[in-house]
Amino acid sequence: MSEDVSSKYRRLFDTGENTDRTVFFSDAVMAIAMTLLVLEIQIPKVPGDQLWSAIVREWDTIAAYLLSFVIIGMNWIFHHRKFAAIAGYDAGLQWINLLFLLFIAVLPLPTRMLSEYGANTVAVVCYAGVLTATALAQTLLWVHAWRRRLMKPEIDRAAYRYVLLNQLPQPIVFGASIVICLLVDPRVAMWSWIALFPLQSVAGVFATRRAGAETEREEAAAAAGAAGAAAAPASDAGAEDR
């Protein structure tokens, strides 16, 4: 039976092996978002002898910019690592990647809200919500690529889980901070964001150890299977001799 038109077009246009355009476009969006962040920092218009104190008064704006810059940088690193392992694409992967970039592009807006209103419930929830959604979108990107078999052949289950575990701290920290903001206090929620960095280190160590242990188990199972396969002909030969 010949291939129908719909299936042919999906095969030709919705799938492929070259992800360069996706990566280049993603890099450009993240670079622009990082640049837009710094444009929100205004130079205080004060006499020269008051400049330092005026800059100190702008610490909340600078802190919000630095945090957002670091978060986008971390997401860029994670995105770069993922596409070093992803060998192809389909329509679903492209749409999920666009969703991820949507949240990256929106980030300067809640960053400005946070810098202007500080420990305000709406500002904190919007900022944490965007970052939670960003991390979840990137996690979904990785899961989709694994389930659709878009990975390079050398990416085994241990490597897949390693990347997945490293991705978890960001949605956990910022998602939990939304609950803290609503139930406790917005300022406490903002301080809780600091937990991202030690938690990210802990997740990296845990993921590395788990991946190593899983690889060792798979190698041991493969060795046992090979030994069993080698022993079978020998036992058959012995039976024939008898």
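Before reading further, recall that the structure is shown in the block above.
Let us look at the structure shown here. Each chain has its residues counted from 1, running along the sequence as written. Confidence filtering applies because this is a predicted model: local features only for residues at pLDDT of at least 70, side-chain atom pairs given and counted only at 80 or more, and all residues used for totals across whole chains, interfaces and linings. Values shown for side chains rest on all heavy atoms present in the structure; no hydrogens or waters enter the calculation.

1. Digging into the side chain of Asn97
Quick reminder of the rule: Numbering of helices and strands runs from the N terminus; a helix is a DSSP stretch of H or I covering at least four residues, while a strand is a stretch of E covering at least two. A 3.5 Å cut-off defines polar contacts: any pair of N or O atoms within that distance qualifies, except that in protein one atom must be a possible hydrogen donor and the other a possible acceptor, and neighbouring residues in sequence count only when both atoms are side-chain atoms.
As for its placement among the helices and strands, Asn97 is situated in helix α5 (residues 91-106). At 2.8 Å, the side chain of Asn97 forms a polar contact with the side chain of His79.

2. Points about the environment of Asp185
With respect to the helices, strands and loops of the structure, Asp185 is situated in the loop between α9 (169-183) and α10 (186-192). It is 8.4 Å that separates the C-alpha atoms of Asp185 and Ala119, two residues lying 66 residues apart in sequence. Within the local environment of Asp185, its side chain forms a polar contact with the backbone nitrogen of Arg187, the two atoms lying 2.9 Å apart.

3. Considering the packing of aromatic side chains
For the record, the criterion: Ring pairs shown here join Phe, Tyr and Trp side chains whose ring centres sit within 6.5 Å, with only the six-membered ring taken for Trp; geometry is labelled stacked below 30 degrees between planes, edge-to-face above 60, and tilted in between. Exposure is judged per residue with a 1.4 Å probe applied to protein chains only, and the accessible area is read against the type maximum: over 50% gives exposed, under 20% gives buried, and values in between give partly exposed.
Overall, the coordinates contain five aromatic pairs when judged by the stated rule. Geometrically, the ring pair formed by Tyr127 and Trp193 is tilted, given 5.2 Å between the ring centres and 40° between the ring planes. With Tyr127 in helix α7 (residues 121-147) and Trp193 in the loop between α10 and α11 (196-241), this pair connects stretches of sequence that are 66 residues apart. Relative accessible area serves as the criterion here: at 5%, Trp193 is assigned to the buried category. The rings of Tyr127, Phe174 and Trp193 are connected pair by pair, giving a single aromatic cluster.

4. Remarks on the packing of α7 against helix α8 (residues 157-167)
Our working definition: To obtain each axis, a line is fitted to C-alpha atoms, and for helices this fit is confined to the stretch in contact; angles are then taken between N-to-C directions over 0 to 180 degrees. Roughly parallel refers to an angle under 35 degrees, roughly antiparallel to one over 145, roughly perpendicular to one between 65 and 115, and oblique to any angle outside these ranges. Any two residues having at least one pair of non-hydrogen atoms within 4.5 Å are treated as being in contact. When residues are sorted by character, Ala, Val, Leu, Ile, Met, Phe, Trp, Tyr, Cys and Pro go into the nonpolar class, Asp, Glu, Lys and Arg into the charged class, and all the rest, Gly among them, into the polar class.
Closest axis-to-axis distance for the α7/α8 pair is 10 Å, and the angle between their directions is 170°. Judged by the inter-axis angle, α7 sits roughly antiparallel to α8. For the pair α7 and α8, the contacting residues are Ala135, Gln138, Thr139, Trp142, Val143 and Trp146 in the first and Arg157, Ala159, Tyr160, Val163, Leu164 and Gln167 in the second. Of the residues contributing to the contact of α7 with α8, the split by class is eight nonpolar, three polar and one charged.

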